[in-house]
8 protein chains.
Amino acid sequence: MNQPKVAILMGSDSDFGVMEAAVVILEQFGVAHEVLVSSAHRTPERTLAYAREARQQGIRVIIAGAGAAAHLAGVIASSTTLPVIGVPIDASALNGVDALYATVMMPGGVPVASMAIGKAGATNAALFAVSILAGEDPALVQALADYRETMAAKVQAKSDALQQKIALRGN
Amino acid sequence: MNQPKVAILMGSDSDFGVMEAAVVILEQFGVAHEVLVSSAHRTPERTLAYAREARQQGIRVIIAGAGAAAHLAGVIASSTTLPVIGVPIDASALNGVDALYATVMMPGGVPVASMAIGKAGATNAALFAVSILAGEDPALVQALADYRETMAAKVQAKSDALQQKIALRGN
Amino acid sequence: MNQPKVAILMGSDSDFGVMEAAVVILEQFGVAHEVLVSSAHRTPERTLAYAREARQQGIRVIIAGAGAAAHLAGVIASSTTLPVIGVPIDASALNGVDALYATVMMPGGVPVASMAIGKAGATNAALFAVSILAGEDPALVQALADYRETMAAKVQAKSDALQQKIALRGN
Amino acid sequence: MNQPKVAILMGSDSDFGVMEAAVVILEQFGVAHEVLVSSAHRTPERTLAYAREARQQGIRVIIAGAGAAAHLAGVIASSTTLPVIGVPIDASALNGVDALYATVMMPGGVPVASMAIGKAGATNAALFAVSILAGEDPALVQALADYRETMAAKVQAKSDALQQKIALRGN
Amino acid sequence: MNQPKVAILMGSDSDFGVMEAAVVILEQFGVAHEVLVSSAHRTPERTLAYAREARQQGIRVIIAGAGAAAHLAGVIASSTTLPVIGVPIDASALNGVDALYATVMMPGGVPVASMAIGKAGATNAALFAVSILAGEDPALVQALADYRETMAAKVQAKSDALQQKIALRGN
Amino acid sequence: MNQPKVAILMGSDSDFGVMEAAVVILEQFGVAHEVLVSSAHRTPERTLAYAREARQQGIRVIIAGAGAAAHLAGVIASSTTLPVIGVPIDASALNGVDALYATVMMPGGVPVASMAIGKAGATNAALFAVSILAGEDPALVQALADYRETMAAKVQAKSDALQQKIALRGN
Amino acid sequence: MNQPKVAILMGSDSDFGVMEAAVVILEQFGVAHEVLVSSAHRTPERTLAYAREARQQGIRVIIAGAGAAAHLAGVIASSTTLPVIGVPIDASALNGVDALYATVMMPGGVPVASMAIGKAGATNAALFAVSILAGEDPALVQALADYRETMAAKVQAKSDALQQKIALRGN
Amino acid sequence: MNQPKVAILMGSDSDFGVMEAAVVILEQFGVAHEVLVSSAHRTPERTLAYAREARQQGIRVIIAGAGAAAHLAGVIASSTTLPVIGVPIDASALNGVDALYATVMMPGGVPVASMAIGKAGATNAALFAVSILAGEDPALVQALADYRETMAAKVQAKSDALQQKIALRGN
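(A) Highlighting the overall build of chain A. When helices and strands are tallied, chain A shows six helices and five strands. Listing each helix as α and each strand as β along chain A from the N terminus yields β-α-β-α-β-α-β-α-β-α-α. C-alpha extents for chain A along the principal axes are approximately 65 × 40 × 30 Å. Expressed as a percentage of contacts within chain A between residues at least 6 apart in sequence, the contacts between residues at least 24 apart total 67%. Here chain A displays about 5,500 Å² of accessible surface, and carbon together with sulfur accounts for 52% of that area. Each charge sign in chain A was given a centre, from 12 positive and 14 negative side chains, and these centres are 4 Å apart.

Spelled out as structure tokens, the structure:
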């Protein structure tokens, strides 16, 4: 694979069930990426070292998924000026609200871009990373436009199918 | 001013008290920008038209601040493939939780990058926009690094001042 | 079927499990209706176009069901002066609170009538649409009164059945 | 004044500070209305009697505003087939969330159309009532369209004013 | 059975799975009671009539269990000066928080005594009713004291069992 | 004053601003009472001793008001079989939700009757205590009925006053 | 076993499924401990007596796990000056938020150290107890450091495994 | 001052208004301490370095106060095996719930002891630190017992004063 441009970090390998949705999108758009398990709490030095060196390694966007007191995205953002995207994961009794608040409520000065809790958030984190990279890459702009068009077509097709299903039931 | 690269939209001019924090950051980093009041609900056509044409107009990042059922960022994101950053604003009885949920819980396929509720979120929206633009602009990378360094120095200075204050009281 | 008077839109065909409850009520009251999948985020133009033209097409009430950052009802309401009824759907980790807040907390000027989260909300959205149409149709007034009476009779019957069940257990 | 078509009930006269926003809208649209203080808990008989007789009295829509355990709209809806619109009011330590849940989470069979908490909700309750009445009154359809247009024009004007203000500060 | 002293009302027969816990306690204490399904929204007249006449019928305490926008206890309390105990039931997407707020946040003047959400609440509603009746009945005071003693003994026994289990595992 | 029948305990004297509302009601109904500051956490022995001996002292109902992690009502209920009424007080950053949950969510076996957060809750705690005492005292039944009637009359008077105010403004 | 230094109390034996995680950690670190079921509400005297005498019995830290209106940790803390650690347990409809608030929001003067809801909290309660005991025991300091190192190594191993898994899928 | 045993860190000097309550307690108990402003996000290296070296510097307990996405306590805990106590501070629109969740919901393996939001939490953090240090210092055990006794005496005095005040008003 080429030099990765997007890094996907997660606090625990049990988060991969959610974060895989980000991998799928990056594969689909042909964006080189790497995936790591690295925890703000269990491997702090490694996490910070990764954040500090990421830009020089060629990384352009970092995606960080974590649950509960989800400090991962914020800790990474503290040590890089790269765009950091956080994905809150539902991994405690609190349905992911804890992870959402711990990800999104960053103090002024150190931004984290929070996505939705769970798989939708992981999907969108990757799409958002693509939209950032698209700033220098017209092919990605086109790919994003195509993705949107396909998505709209699917909605239309589902609408048609639903109408047929209901029409049949009317008889 | 040069061709704006960042657009700041807000749903109501009463949101400017919060969103001004984003303007201040962009001015500080010398990033050309434009500011509009445009509502997802009160001026839907205008808002969508702006979103559709923004890329061609040279805009690279859109920041959208809104309160209550804050649909603005999501509606803009529905009609552009540019990165859209949402700032939830505390503008109802619900302390901004409504705006946060309406901004951050986007369905898979149409990403919005949510910042914190209020001024910290507006500040960080602008810093995040700068970090996106920095992908193609080493000067902005340096400016971001300088910003972080200044911020760290201020924390250190405040720490020293607090220690002195406490030492005095000890006497 | 006759010219539809009520439109039921939903953001995703996966919402039909909930929104079907509205269809069932409209069928029961003999109110002509149409059902569409149309998303505020994935098919924004189509959604807005539908909203703009609905009144001229003979639609009298629009019901919109959506989950997560549920912008659908609000986006439709932005482009029609018809009554718009929103049904928040539990489709994320947040139990539908996100959808509820995104549906009900509309800013002054663009009303959306929110129902309860989920099937009870879908049922009531249709009943509420019938109560609106009943303003010009005495037969619907009578049908609503009959519906209420049947409902009350069922509660009475269930109360009797429960009392018998408990009486037996007392022996 | 003509025969009232819209009734505005509130649980306490202290709610009038919020519910006045509904009165203002109805006056603006020239819709005849009446205003009562009537409590689900303090005057239950009177409240139910009003609900039972409202349709025969010529009332077409009932708006009910209440705070805390806001039962008013639900209690009225239990005894009429007219459309009932609820306005949750922030009147306890819980910021109106209690009133919102007690208003919007109605069980299937007895619909209440909930608006946002507070003044925005009261404004929208009246606009929604107008949109219901507009079903039989083309003049109200036009009035609603005009209202929207004026609102959009104001947003545009505020946008222009904000841009000027910022341009000046740029100097 | 003797003249019932405690009435247990519930909004739907599906609530019996929870409210049965109250029946079990009253049976255990030998307190005569009756059970009804009666809804604040579906059978409002019947519910109010029951409340108005309960004291004359010999009822001394009313227990009301309901879910979602749980108005039942409040509506009953509006029409009787008997003690009314509310049991919030988890019957919507909101985990019973809606029922809790709608039950407990009663305005000043019309008290409802709220218990916990669900079965623990139903159990305690009945125990609380017994404690009210015990004011005139020393046998019930003794029965309550015995109940507490048995409960404490069970805790002690479980503690012993757990210690043994752990001791074994230590080997 | 006569032998107190109702005891009002509060965790801190700063709670008296809220709990005074209960005192006012008991004075109004002529119910003898006593008021103590006694904390579940700061004076646990004294609190438990009071609870254990209250019935023998002639106390018939205990009202306990507390904020934050409001354990007072539960701790008292653990050591008496008298009816214990809890009043959650808004005394932390959490708007009284902490006090509400800590008061109302009692485990099965040890009931606490929770009232609303704050003054409405304190008022209702006293009214509920009166309704318990009324079981043996027809004069209190009548006093409660009179209280309700006065309350209803006030609502009617306020309704009339509001209608006049609005009628005047119509001119 | 040696003289226990850590006591683990829980309000119900059904809490052991969660609290066992604390036992496992203490066994792993070789810290002598004892486990009791003792309830703030069902066995108040026993609970307080235990708290009062714990220090003299040689106990150095008390861990208390409880659900719903979780008063156990606070009640223990009221009667000892030993460090008391609370573990909120998800045991009601409220997902453990009730237990969290009832545990953590202690008033000034009587501290409880709250851990996370559920098993993570029970694990951490024991680790925290070890860190307290480590103040006088260098072997425990080393054991904690080793525990951290093992944990970090596991994260690294999982990261490697995940990367391999993804690399394979890339083919 | 002697070698500090307790360190109080806060994320911003604006947190001192809250954290001063901890300083006051430590001064009162004569426990040597030091106070720093050090941010998880703005000065990550310095914060981690402090945590890593604290034990060797003689620090025995670390107290960390922070608001919003309060990562400070967790980040410190990631790099020390000393007991870390977190104080959530109300510093955003979310009333400190964000800080509470970000502090208390730590994943298994890296404990943080959370106190209540705000000043009560800061007071209790210091008292808890004292209770830890008291493990090796009988004088501190006595000081804690004295503190409790004084506190109880104050409650008793306030209770007496309140009773007098009420007695006077009875006249």
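Let us keep going from here.
(B) Structural detail: the interface of chain E and chain F. The interface of chain E with chain F comprises 44 residues on the first partner and 44 residues on the second. Summed over both partners, the interface of chain E with chain F buries about 3,200 Å², with 63% contributed by carbon and sulfur atoms. Counting every contact that joins chain E to chain F gives 16 residue pairs in polar contact (both at pLDDT 80 or more). Among the secondary structure elements, those contributing two or more residues to the side of chain E that touches chain F are β4 (84–89), α4 (97–104), β5 (113–114), α5 (119–133) and α6 (138–170) of chain E. In terms of residues, the side of chain E that touches chain F owes the most to one element, α5 of chain E, which gives seven residues.

(C) Just the environment of A70 of chain D, in detail. Relative to the assigned elements, A70 of chain D resides in the loop between β3 (61–67) and α3 (72–77). Each C-alpha atom of the pair A70 of chain D and I59 of chain D lies 22 Å from the other, and the pair is eleven residues apart in sequence. Once you skip the residues sitting within four places of it in the chain, A70 of chain D turns out to touch A99, A102 and T103 of chain D together with H71 of chain E.

(D) Looking closely at the relation of the copies chain H and chain B. With an RMSD of 0.0 Å, chain H superimposes on chain B once it is rotated by 90° and translated 0.0 Å along the axis. Interpreted geometrically, this transformation is the action of a four-fold axis. Of the C-alpha atoms belonging to chain H, the one lying closest to the rotation axis is found on N95 of chain H, 6.0 Å away. With a heterologous cut-off of 20% or less, the 6% of interface residues of chain H that recur at the interface of chain B puts this contact in the heterologous class.

(E) Quick look at the interface of chain H and chain B. Between chain H and chain B, the contact holds 18 residues from the first and 15 residues from the second. Of the roughly 1,500 Å² buried between chain H and chain B, counting both surfaces, carbon and sulfur atoms make up 61%. Summed over the shared surface of chain H and chain B, the number is one salt bridge. D13 of chain H is the salt-bridge partner of K158 of chain B, the closest N and O atoms lying 3.8 Å from each other. Taken together, the links from chain H to chain B amount to four residue pairs in polar contact (both at pLDDT 80 or more). Taken together, the elements giving at least two residues each to the side of chain H that touches chain B come down to α1 (16–28) and β2 (33–37) of chain H. Ranked by residues supplied to the side of chain H that touches chain B, first place goes to α1 of chain H with five residues. Classifying every residue of the side of chain H that touches chain B gives nine nonpolar, four polar and five charged.

(F) Fine view of the environment of E27 of chain D. Following the sequence through the fold, E27 of chain D ends up in helix α1 (residues 16–28). In this structure the C-alpha to C-alpha distance between E27 of chain D and A73 of chain D, which are 46 residues apart in sequence, comes to 22 Å. The contacts of E27 of chain D, once residues within four sequence positions are left out, are H33 of chain D together with R169 of chain F.

(G) Region of interest: helix α5 (residues 119–133) of chain H. If you check α5 of chain H, its first and last C-alpha atoms are 21 Å apart, about what 15 residues at 1.5 Å a residue would give, namely 21 Å. Of all 15 residues in α5 of chain H, 13 are buried; the element is thus mostly enclosed.

(H) Fine view of the relation of the copies chain E and chain F. Structural alignment of chain E on chain F gives an RMSD of 0.0 Å, achieved by rotating through 180° and translating 0.0 Å along the axis. This pairing of chains is accounted for by a two-fold axis. Residue by residue, 100% of the interface of chain E is reproduced at the interface of chain F, so both copies engage with the same surface.

(I) Looking closely at the packing of aromatic side chains. Residue and element names in this part refer to chain D. Within this structure, the stated rule accounts for 16 aromatic pairs over all chains. Judged by centre distance (5.6 Å) and plane angle (50°), the rings of F29 and Y147 are tilted. Here the residue F29 occupies a position in the loop between α1 and β2 (33–37), and Y147 occupies one in helix α6 (residues 138–170), the gap between them amounting to 118 residues. Both residues of the pair, F29 and Y147, count as buried.

(J) Structural view of the packing of α1 of chain H against α5 of chain H. Residues and elements named next belong to chain H. The N-to-C vectors of α1 and α5 enclose an angle of 30°; their axes lie 7 Å apart at closest approach. Looking at the two axes, α1 sits roughly parallel to α5. In this structure, the crossing between α1 and α5 has a hand that is right-handed. In this structure, α1 uses G17, V18, M19, A21, A22, I25 and L26 to contact α5, whose residues at the interface are K119, A122, T123, A126, L127 and V130. The residue makeup of the contact of α1 with α5, split by class, is ten nonpolar, two polar and one charged.

(K) The packing of helix α4 (residues 97–104) of chain G against helix α4 (residues 97–104) of chain H, seen in detail. Following both chains from N to C, one finds α4 of chain G and α4 of chain H inclined at 90°, their axes separated by 13 Å at the closest point. When the interaxial angle is binned, α4 of chain G and α4 of chain H end up roughly perpendicular. When α4 of chain G is examined against α4 of chain H, the residues V97, L100, Y101 and V104 of chain G are found in contact with a partner set consisting of V97, L100, Y101 and V104 of chain H. Within the contact of α4 of chain G with α4 of chain H, the residues separate by chemical class into eight nonpolar, no polar and no charged.

The rules behind the values
Residues numbered from 1 in each chain as written. Chains lettered and ligands numbered in written order. Predicted model: local features only at pLDDT ≥ 70, side-chain atom pairs only at ≥ 80, totals over all residues. Heavy atoms only, no water. Helix = DSSP H or I, 4+ residues; strand = E, 2+ residues; numbered from the N terminus. Contact = heavy atoms within 4.5 Å. Areas by Shrake-Rupley, 256 points an atom, 1.4 Å probe, with all protein chains shown as cover. Lys, Arg positive; Asp, Glu negative; His and termini not counted. Charge placed at Lys NZ, Arg CZ, Asp CG, Glu CD. Buried area = accessible area lost by both parts, 1.4 Å probe. Polar contact = N/O pair within 3.5 Å; in protein donor to acceptor, adjacent residues only side chain to side chain. Least-squares fit on C-alpha atoms with pLDDT ≥ 70 in both. Salt bridge = Lys/Arg side-chain N within 4 Å of Asp/Glu carboxyl O. Nonpolar A, V, L, I, M, F, W, Y, C, P; charged D, E, K, R; others polar. Expected span 1.5 Å × (residues − 1). Buried < 20%, exposed > 50% of the residue type's maximum accessible area, 1.4 Å probe, protein only. Phe/Tyr/Trp six-rings, centres within 6.5 Å; stacked < 30°, edge-to-face > 60°. Axes fitted to C-alpha atoms, helices over the stretch in contact; angles between N-to-C directions. Parallel < 35°, antiparallel > 145°, perpendicular 65-115°, else oblique. Left-handed = near helix turned anticlockwise from the far one by under 90°.

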